[in-house]
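# Descriptive analysis of the structure
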Amino acid sequence: MPITLNQLNTAAPADAAQMLDGLYEHSPWIAEQALRHRPFASPAALKHAMVRVLNNAGVEPQLALIRAHPELAGKAMVSNTLTAESTNEQTKAGLTHCTPEEFAHIQRLNADYNARFGFPFILAVRGPRGTGLSKREIIGTFERRLHNPADFERAECLRNIHRIAEIRLNDKLGLEPALGNQVWDWHEDLARHSDPGFAEHGQLTVTYLTDAHRACAADLQRGMLACGFDEVQIDAVGNVVGVYHADPHPNPLRPAGEGAQTLLTGSHFDTVRNGGKYDGRLGIFVPMACVQQLHQQQRRLPFAIEVVGFAEEEGQRYKATFLGSGALTGHFNPAWLDQQDADGITMRAAMQNAGLPGTLEAIAALHRDPSKYLGFVEVHIEQGPVLNELDLPLGVVTSINASVRYQCEVMGLACHAGTTPMDRRRDAACAVAELALYAEQRAGADGDSVATVGMLQVPGGSINVVPGRCLFSLDLRAPSDAQRDALERDVLAHLRAICERRGVRFATEETMRAAAAPSAPAWQARWEAAARALGVPLHRMPSGAGHDAMKLHEVMPQAMLFVRGLNSGISHNPLEATTSDDMELCVRAFSHLLEQLATGA
């Protein structure tokens, strides 16, 4: 029979420790010390208490814990001396049924890993959904982590140990993150759509109004209807808009006779090229799960819920970042319709091919009246390492950093690489390389600014030709508008100075500028209350990444909630991931925010 949290909270210390036996491999002291902090408000609170115990223990006890774990498919498995928990986990991952070739490869990896780090490779082989990673995923992770720095890899082992303990605790408590599993499965299903050229290689790319993009929109529309939304449509820019109506009876949020206001939420479903499954999409699926719960309960709230799957946020096919959310705020740039993609297809033609009007009149009609909305909230995978390093599932966003983007070109002189002396060259690529190093140094001097040259191309380049042109992107971000502007002035001034000194020319085109977007205090407080109610330690943090909430911030109050990412929180990358347990907490946090609004909190 599963144990209950109440039993753990009230049992004698020795009995409680026995209940938690086996969570940490041959290391009962972690649970025993965590139990000193009873009572626990939730399983999440207990999990974090154990995280704190291990974090505070110091390096040597941490290493001892890592070394207490068996190797994957190692000698202990062969000799049947694994603990019952480890046997279950390695069996679910198929490691007890390796082919001779797989077994030999894993043994070589084990030997190389131990030689490099001095401890065994630790991986939560039951994976982010708890059902088991494939052998291919396990071996791929093993190979990748062999190249990590030693201190980082020790921390990564500990994070995986905590994930193993989380799954084992769920088993003891009989907990199944059903909502989180459902949201996780929705992500997996939507990821089957990908653009040509990427789909064939198992890579996820969904850019604006491609066939894959339109298939995603159709799936989201069907999914919202299945969840119980009253109205679902694909609007004039390709956004998927679902509305769950308010309770028709008068309520404390409005005087009798007046129309109900609406809570606006959502995020984007387009992706960067070869990106991850959760960026943006988590912010669509989490509120969908909440609406599904309300519908199943035959319950209406005093306000309507409008969930928008924004069609475009990433600016990959066209230079039109925040197109989807910008249309709702009245900031659609008419010039965007005449932009051409890499194949010469204008945005207007792409819209019309997708069955959209492609007219400014239809797009202008999407402008929302802010007075009809309570505000905008967005949940999002963090896209960074902070929550992962702190072993915290949720973070409350205090502000979204200001940003500016440029597409740039340096023009020099293409000439023979063998006959042109070094002091006679007008090398466009070297000029950009010098700028990239300066931008790195200048942003680093602020401590919390960032500068990135993420795209760099020499058109028609050749191994024996001095580059005559170099195209590059420039992405600058900082916590405030003033700090961003100072960074921008310095970087552009340095570009000018480099080009003058090297005898080359340059051109810049600003493609996006977004002001810093501080969270509305009342809305941030609601997210904080939701985290506390779940027993999750409260962590406030800024967002270095831009989000649709930045556009909505221009017309209504907004606040965001972050969810921890795995693999150091990497994003815009196929390794982007989160667990169904963390998704479960996110859904519950969103539901708690809805309850606060329903009661006038």
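Below you will find a few notes about this structure. Note that the coordinates shown come from a computational prediction; the quantities given were computed from them, not determined experimentally.

### Observations regarding the overall build of the chain
Looking only at helices and strands, the chain has 22 helices and 16 strands in total. The C-alpha radius of gyration computed for the chain amounts to 26 Å, which stays within 12% of the reference 25 Å derived for 601 residues, consistent with globular compactness. For the chain, the spread of C-alpha atoms along the principal axes amounts to about 75 × 75 × 45 Å. At a minimum sequence separation of 6, the contacts of the chain that also span at least 24 residues come to 77%. About 25,100 Å² of surface is accessible on the chain, with carbon and sulfur atoms providing 53% of the total.

### Overview of the environment of E60
In this structure, E60 sits in helix α5 (residues 59-67). The spacing of E60 and P357 is 297 residues in sequence and 65 Å in space, taken between C-alpha atoms.

### Description of the pairing of strand β6 (residues 394-400)
The two faces of the sheet receive side chains in turn, since in a regular strand these alternate between them. With six of its seven residues buried, β6 lies for the most part within the structure. Where β6 meets strand β16 (residues 558-563), three bridges bridge the pair, whose relative direction is antiparallel. By the bridge assignment for β16, G395 is matched with F562. Of the pairings in the sheet, the one linking β6 to strand β15 (residues 540-543) comprises three bridges and is parallel in character. Opposite V396, over in β15, you have R540 as the bridge partner.

### Quick look at the environment of G412
In this structure, G412 sits in the loop between β7 (402-411) and β8 (415-416). Distance from G412 to V466, taken between C-alpha atoms, is 9.1 Å for residues 54 residues apart in sequence. With near-sequence residues (within four places) excluded, G412 lies in contact with R426, A428, G468 and V504.

### Observations regarding the environment of L282
On the secondary structure map, L282 appears in helix α13 (residues 282-296). In the structure, L282 is positioned 80 residues away from A362 in sequence and 28 Å away in space, judged by C-alpha atoms.

### Topic: the packing of aromatic side chains
For any pair of aromatic rings, the description consists of the separation of the ring centres together with the inter-plane angle of the planes. The final tally for this structure, using the stated rule, is 10 aromatic pairs. Ring centres of Y113 and F121 lie 5.4 Å apart, and the angle between their planes is 75°; this geometry places the pair in the edge-to-face category. In this structure, Y113 and F121 share a single accessibility class: buried. Judged by centre distance (5.2 Å) and plane angle (85°), the rings of F332 and W336 are edge-to-face. With respect to burial, F332 and W336 carry one shared label: buried. Feature note: the residues Y113, F117, F119, F121 and F142 constitute an aromatic cluster, connected by ring pairs. For the cation-ring pair, R159 lies above F152, with the distance from its terminal atom to the ring centre recorded as 5.5 Å.

### Points about the pairing of strand β4 (residues 304-310)
Across the seven residues of β4, seven count as buried, placing the element largely inside the fold. Of the strand pairs in this sheet, strand β2 (residues 240-244) and β4 are connected by five bridges, and their pairing is antiparallel. Counted as the bridge partner of Y244 is I305 from β4. Across seven bridges, the pairing between strand β3 (residues 262-268) and β4 is parallel. Pairing of L264 across the sheet is with E306, part of β4. Where the polypeptide runs from β3 across α13 and back to β4, its parallel neighbour, the crossover connection is right-handed.

### Examining the packing of α13 against helix α22 (residues 580-598)
Between α13 and α22, whose axes approach to 9 Å, the crossing angle comes to 60°. With respect to their mutual orientation, α13 and α22 come out oblique. Helix-helix and strand crossings are classified by hand; for α13 and α22 the assignment is right-handed. Taking contact as the criterion, the partners of L282, V286, P287, A289, C290, Q293 and L294 in α13 are, on α22, M583, C586, V587, F590, S591 and L594. By residue class, the composition of the contact of α13 with α22 is 11 nonpolar, two polar and no charged.

### Some details on the nonpolar core
Grouped together as the largest cluster of nonpolar side chains are 81 residues, with contacts concentrated most on M351 and W527. No other element matches the 10 residues that α22 contributes to this core. Those residues in contact with M351 that sit more than four places away from it in its chain are Y208, L209, A236, V237, F332, L337, L356, G358 and I363. Listed in part, the 49 residues of the second largest apolar core include A17, Y24, I138 and L146.

### A short note on the side chain of S403
One can find S403 in strand β7. The class of S403 is buried, set by a relative accessible area of 2%. Sequence-distant contacts of S403, that is, excluding residues within four places in its chain, are made with L476, R477, R484, M512, R513, A514 and M550.

Rules and cut-offs
Residues numbered from 1 in each chain as written. Predicted model: local features only at pLDDT ≥ 70, side-chain atom pairs only at ≥ 80, totals over all residues. Heavy atoms only, no water. Helix = DSSP H or I, 4+ residues; strand = E, 2+ residues; numbered from the N terminus. Rg over C-alpha atoms; globule rule 2.2 N^0.38 Å. Contact = heavy atoms within 4.5 Å. Areas by Shrake-Rupley, 256 points an atom, 1.4 Å probe, with all protein chains shown as cover. Buried < 20%, exposed > 50% of the residue type's maximum accessible area, 1.4 Å probe, protein only. Pairing = 2+ DSSP bridges. Phe/Tyr/Trp six-rings, centres within 6.5 Å; stacked < 30°, edge-to-face > 60°. Lys NZ or Arg CZ within 6 Å of the ring centre and 35° of its normal. Right-handed = clockwise from strand over helix to strand, strands pointing away. Axes fitted to C-alpha atoms, helices over the stretch in contact; angles between N-to-C directions. Parallel < 35°, antiparallel > 145°, perpendicular 65-115°, else oblique. Left-handed = near helix turned anticlockwise from the far one by under 90°. Nonpolar A, V, L, I, M, F, W, Y, C, P; charged D, E, K, R; others polar. Core = buried A, V, L, I, M, F, W, Y, C linked by side-chain atoms within 4.5 Å.

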